[in-house]
Structure formats: structure tokens, C-alpha cells
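# Tertiary structure, described
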Amino acid sequence: YNTPSTRVIFLAVSDDLAWIKENFEKHEDVRFGHDFSQGKVNDSDLLSFDLCLLAACNHSIHTYGTYGQWGSLLAGGQVIAATGTNKEANSEADQINKRAAMHGWLFLDVRDLKNITEVSFAKH
């Protein structure tokens, strides 16, 4: 994905900074929202700051929850999102994704980590 003329940077934000740093810090193309805000943003404004960072991205990858969804919606671009983050086959989140059928969004069903599959919610 990186070429001599294009450099991709992944921006990671989370409410579990220790986990994302432990799992992603070894990658030279990953930056952390916390590093941009440290010493510059009041603690009470950190969530808003992270959401602004996400909204400024060209594309998004998010796991579960409305925070990542909002960041992806505000950013636009291509989105890769997890579905099936719980064992229920037709959860409320799955129903919302199916009804929205967002153009440019790719969903990956992660219920079985040994067999992650693409899910199409496209309207016919």
C-alpha cells in the first residue's frame, strides 16, 4: 500500500490506549491519536479531539460501536468495518448496517476468526 510517491499512515484511537500501543506500536506506519493531543488538549476534550482526528482521515477501519461508525461517516471515503462482533446472527448492529447499505463500506463478519468473510449489505 505504500509506494515511493504515496505513504499511508494508520491513525489509531481507542479508549484502551495500552492495548492499541501494545499491539500496534511496532508498526512504523501507525500513529496514535493520544500522541497528537498529549499536553495540548484538556482531558474533558479528548473524545471530541479523537473524533475530529477520525473525521479528518481519508478512509477508515473500525471494529464495533457507534464511535468508530461516526468517525467513518464523518470522514467519508472507503470503510472497512467489522460485523458479527457478538455471537447473535442478526444483531441490532447487523440490522442497522443492512438497512443503511452504505456505499463504499466493506463489512467483514468476524464471528469465526478462523474464517472471516465479507458480508454484502448492498441494496438490490
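Residues numbered from 1 in each chain as written. Predicted model: local features only at pLDDT ≥ 70, side-chain atom pairs only at ≥ 80, totals over all residues. Heavy atoms only, no water.

Along the chain, His 27 turns up in the loop between helix 1 (17-24) and strand 2 (30-32). C-alpha of His 27 to C-alpha of Ser 5: the two residues are 22 residues apart in sequence and 20 Å apart in space. (Helix = DSSP H or I, 4+ residues; strand = E, 2+ residues; numbered from the N terminus.)

Within the secondary structure, Ser 72 sits in helix 4 (residues 66-75). In this structure Ser 72 comes out as buried when scored by relative accessible area, which is 2%. Among residues more than four places away in sequence, those in contact with Ser 72 are Ser 60, His 62, Val 79 and Trp 105. (Buried < 20%, exposed > 50% of the residue type's maximum accessible area, 1.4 Å probe, protein only. Contact = heavy atoms within 4.5 Å.)

Counting buried positions along strand 4 (residues 79-83) gives four out of five residues, so the element sits mostly inside the fold. In this region the chain leaves strand 3 (residues 60-62), passes through helix 4 and returns to the parallel neighbour strand 4; the handedness of that crossover is right-handed. Bridge analysis of strand 4 against strand 5 (residues 105-109) gives five bridges, and the strand direction is parallel. Looking at the pairing, Val 79 lines up with Trp 105 of strand 5. (Right-handed = clockwise from strand over helix to strand, strands pointing away. Pairing = 2+ DSSP bridges.)

Moving on to helix 4. Within helix 4, the full set of buried residues consists of Gly 68, Gly 71, Ser 72 and Ala 75. Projection of helix 4 onto a plane perpendicular to its axis shows the buried side chains occupying an angular sector of 95 degrees, all on one side. Elements that come into contact with the buried residues of helix 4 comprise helix 3 (46-55), strand 3, strand 4 and strand 5. Just beyond helix 4, the residue with positive phi is Gly 76, at close to 75 degrees. (Arc of directions from axis to C-beta.)

As a further point, take the sheet that holds strand 6 (residues 117-119). Pairing within the open sheet is mixed, and its four strands lie in the order 3-4-5-6. Edge positions in the sheet fall to strand 3 and strand 6, since each has one partner strand and no second. The mean inter-strand angle of the sheet, taken between neighbouring strand axes irrespective of direction, is 30 degrees. Inspection of the sheet shows strand 3 paired to strand 4 by three bridges, in the parallel sense. Across the sheet, the residue bridging to Ser 60 is Val 79, located in strand 4. On the sheet, helix 4 packs against strand 3, strand 4 and strand 5 and is oriented at approximately 170 degrees with respect to strand 3. (Axes fitted to C-alpha atoms, helices over the stretch in contact; angles between N-to-C directions.)

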